[in-house]
Amino acid sequence: MGRAKQALEANGLVAIPTETVYGLAANALNPKAVARIFEAKQRPSFDPLIIHIPDQSKLDKYASQIPDKAQKLAEQLWPGPLTMVLPKRDVIPDLVTSGLDTVAIRSPRHPLTHQLLQSLDFPLAAPSANPFGYLSPTQPAHVADQLGLEVDYILDGGPAKVGLESTIISFSDPSKIELLRAGGYPREEIEEILGQALSVRTHSSSNPRAPGMLVQHYSPHTPLLVIDADEKPEEADILKHIQQVGEISTARIAHIAFDLSKPQPNWASSHYKWSENGDLRQAAARLFALLRTLDQMKYDLIVAERVPETGLGTAINDRLARAAARS
Ligand code: TXA
Ligand code: MG
């Protein structure tokens with residue numbers, strides 16, 4: 001912790017554990033420190049960053065015009081996997097927000113990072129600690145493998161408990177509250193507290209003003225085919241996704257199931273599962289690490305089953321769809 005604090009105070013880059021995924025953190029108030037994040041990740045500067053604060057009491061320091069409903073969510077869901085987009089105050093550099101007049105803010109739940117944030121007199125800007133577009137890191141080794149040379153220190157907080165990035169909602173339009181990214185808090189839970197439905201903004205990679213919600217993201221290098229749990233894909237369809245393999249019998253295909261009651265498909269050479277017993281929380285916690293492991297095993301194809309669209313399932317299926325998209 002001491003080394004993390006020291007490095008951050010010297011405008012360095014530190015990988016921090018959060019309950020969602022590991023973050024690549026720097027002093028959010030210092031544009032030079034923030035610039036290093038974009039360089040290390042090779043992240044386009046039109047994609048704004050989330051700032052991390054220790055608790056709700058600091059919200060007003062970095063955001064303005066905070067509606068009562070935002071305060072209510074902070075009160076009930078922070079620290080935790082909820083990010084709120086609000087009008088920004090001038091102390092937040094333009095580089096953090098990509099020139100937008102709003103800032104994304106959250107208070108993470110991991111005890112080490114919570115302590116670290118309390119000990120600093122500035123907030124931390126932190127995207128997920130992966131090269132832009134690749135699977136998000138949920139373990140310190142994931143960060144070391146890919147950004148080990150870029151970061152000054154990795155604060156080891158063990159595997160991430162939630163495993164999915166925070167849910168992002170926006171208060172930038174006073175007439176509605178928008179869901180920008182499904183994530184670690186299910187939408188239903190947030191709507192219940194708000195007493196109103198969230199509206200959903202549609203994003204596209206052709207519209208960079210809908211930042212970060214790119215159609216392709218979170219992707220392994222191995223081709224990935226996402227199917228419904230009750231879907232039986234045709235051999236021809238599977239082969240279409242594999243490069244340079246002519247026959248299904250010689251292809252190395254990994255299959256990830258959610259529903260374990262069905263027979264294992266015979267076209268798969270190895271079988272994996274999202275969870276032991278149909279638990280969506282376990283599936284979420286396993287999602288990125290399992291895809292990363294299979295990616296390293298160099299299969300010809302990964303075929304992954306979607307999970308039910310309830311609770312965390314929505315966010316899991318969202319990540320799977322983006323991971324499978326090829327631009
Ligand atoms: O769980 C998380 O949120 C993790 C941990 C490290 O906190 N962070 C994370 O950051 O997922 P990142 O950079 O991978 O994703 C942040 C998303 C981006 O898609 C970005 O476009 C969006 O937040 N975002 C940031 N500021 C925004 C703003 N002012 N308006 C709209 N979207 C914004
Ligand atoms: Mg990310």
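Shown above is the structure to which this text applies.
Conventions and cut-offs
Residues numbered from 1 in each chain as written. Chains lettered and ligands numbered in written order. Predicted model: local features only at pLDDT ≥ 70, side-chain atom pairs only at ≥ 80, totals over all residues. Heavy atoms only, no water. Helix = DSSP H or I, 4+ residues; strand = E, 2+ residues; numbered from the N terminus. Rg over C-alpha atoms; globule rule 2.2 N^0.38 Å. Buried < 20%, exposed > 50% of the residue type's maximum accessible area, 1.4 Å probe, protein only. Areas by Shrake-Rupley, 256 points an atom, 1.4 Å probe, with all protein chains shown as cover. Lys, Arg positive; Asp, Glu negative; His and termini not counted. Charge placed at Lys NZ, Arg CZ, Asp CG, Glu CD. Salt bridge = Lys/Arg side-chain N within 4 Å of Asp/Glu carboxyl O. Polar contact = N/O pair within 3.5 Å; in protein donor to acceptor, adjacent residues only side chain to side chain. Contact = heavy atoms within 4.5 Å. Pairing = 2+ DSSP bridges. Phe/Tyr/Trp six-rings, centres within 6.5 Å; stacked < 30°, edge-to-face > 60°. Lys NZ or Arg CZ within 6 Å of the ring centre and 35° of its normal. Core = buried A, V, L, I, M, F, W, Y, C linked by side-chain atoms within 4.5 Å. Axes fitted to C-alpha atoms, helices over the stretch in contact; angles between N-to-C directions.

Trainee: Even after reading the chapter, I still don't get the overall build of the protein, so can you show me in this structure?
Mentor: Scanning the protein for helices and strands turns up 11 helices and 14 strands. Relative to its length of 327 residues, the protein is compact, with a C-alpha radius of gyration of 20 Å against a globular reference of 20 Å. Along the three orthogonal principal directions, the C-alpha set of the protein runs to about 60 × 45 × 35 Å. Taking all 327 residues of the protein together, 56% fall into the buried category. Accessible area of the protein: about 14,300 Å², with a carbon and sulfur share of 49%. Within the protein, the 38 negative side-chain charges are centred at a point lying 4 Å from the centre of the 33 positive side-chain charges.

Trainee: Help me out: how do you make sense of the pattern of salt bridges in this one?
Mentor: Pairing between side chains of opposite charge can happen when their charged atoms approach one another. Inspection of the entire model under this criterion finds 16 salt bridges. Here Asp94 ties to Lys88 by a salt bridge, and the two come within 3.9 Å at their closest N and O atoms. Because the salt bridges share partners, they merge into one network encompassing Glu165, Asp318, Arg319 and Arg322.

Trainee: Just to check I follow, could you spell out the side chain of Ser219 for this structure?
Mentor: With respect to the secondary-structure elements, Ser219 resides in the loop between β10 (199-200) and β11 (224-227). For Ser219, a relative accessible area of 5% puts it in the buried group. At 3.2 Å, the side chain of Ser219 and the backbone oxygen of Ala323 are in polar contact. Setting aside residues no more than four positions away along its own chain, Ser219 makes contact with Gly133, Tyr134, Leu135, Arg322, Ala323, Ala325 and Arg326.

Trainee: Please clarify how the sheet that holds strand β6 (residues 124-125) should be interpreted in this entry.
Mentor: If you trace the 10 strands from one edge of the open sheet to the other, you get β7-β1-β2-β6-β3-β5-β4-β8-β9-β10, paired in mixed fashion. Sheet topology places β7 (153-154) and β10 at the edges, where each strand pairs with a single neighbour. Pairing analysis gives three bridges linking strand β3 (residues 50-52) to strand β5 (residues 102-106), with the strands arranged parallel. Note that in β5 the partner of Ile51 across the bridge is Ile105.

Trainee: Looking at this structure, how should I read the packing of aromatic side chains?
Mentor: Two aromatic rings, taken as a pair, are described by how far apart their centres are and by the angle between their planes. Summed over all chains, the structure comprises two aromatic pairs. Look at Tyr272 and Tyr299: their rings are 6.4 Å apart centre to centre, the planes differ by 80°, and that puts the pair in the edge-to-face class. Of this pair, Tyr272 sits in strand β13 (residues 270-273) while Tyr299 sits in the loop between α10 (280-296) and β14 (301-305), and the two are 27 residues apart along the sequence. Tyr299 gets classed as buried once you look at its relative accessible area, which sits at 6%. Of note, Arg252 hangs over the ring of Tyr299, and the distance from its end group to the ring centre comes to 4.6 Å.

Trainee: Help me understand the nonpolar core, please; the structure alone is not making it clear to me.
Mentor: With 44 residues, the main nonpolar core has Leu73, Met84 and Ile169 as its most contacted residues. With five residues, the single largest contributor to this core is helix α2 (residues 31-41). Grouped together as the second largest cluster of nonpolar side chains are 30 residues, Val162, Ala182, Ile256 and Val307 included.

Trainee: What is the right way to read the side chain of Thr18 from this model?
Mentor: Residue position: Thr18 is located in the loop between β1 (14-16) and β2 (23-27). Here Val21 takes part through its backbone oxygen, which lies 2.8 Å from a polar atom of the side chain of Thr18. In this structure the side chain of Thr18 is engaged in a polar contact, spanning 3.0 Å, whose partner is the side chain of Arg106. Among all residues touching Thr18, those that are not within four sequence positions of it are Arg106, Pro108, His110 and Ala160.

Trainee: Please clarify how the environment of Pro308 should be interpreted in this entry.
Mentor: Here Pro308 shows up in the loop between β14 and α11 (313-324). Residue classification places Pro308 among the partly exposed residues on the basis of a relative accessible area of 40%. Each C-alpha atom of the pair Pro308 and Asp259 lies 9.7 Å from the other, and the pair is 49 residues apart in sequence. Excluding anything up to four places from it in sequence, Pro308 contacts Phe258, Leu280, Gly313, Thr314 and Asn317.

Trainee: What exactly am I supposed to notice about the environment of Arg89 here?
Mentor: Tracing the sequence through the fold places Arg89 in the loop between β4 (82-87) and α5 (94-97). Once the C-alpha coordinates of Arg89 and Ser199 are considered, the two residues, 110 residues apart in sequence, prove to be 25 Å apart. Not counting chain neighbours up to four residues away, the residues in contact with Arg89 comprise Asp60, Lys61, Tyr62, Ala63 and Ser64. Here the side chain of Arg89 touches Ala63 through a polar contact of 3.2 Å, landing on its backbone oxygen.

Trainee: Sorry if this is basic, but what is going on with the sheet that holds β14 here?
Mentor: Whenever strands of a sheet pair, they do so through backbone hydrogen bonds, lying parallel or antiparallel. The four strands lie next to each other as β11-β14-β12-β13, forming an open sheet whose pairing is parallel. In this open sheet, the two strands that pair with only one neighbour each are β11 and β13. Between one strand axis and the next, the sheet turns through 20° on average, direction left out of account. In the sheet, strand β12 (residues 253-257) pairs with β14 via four bridges, with the strands oriented parallel. In the sheet register, Ile256 faces β14, and the bridge partner there is Ala304. Running at roughly 140° to β11, α11 makes contact with β11 and β14 of the sheet.

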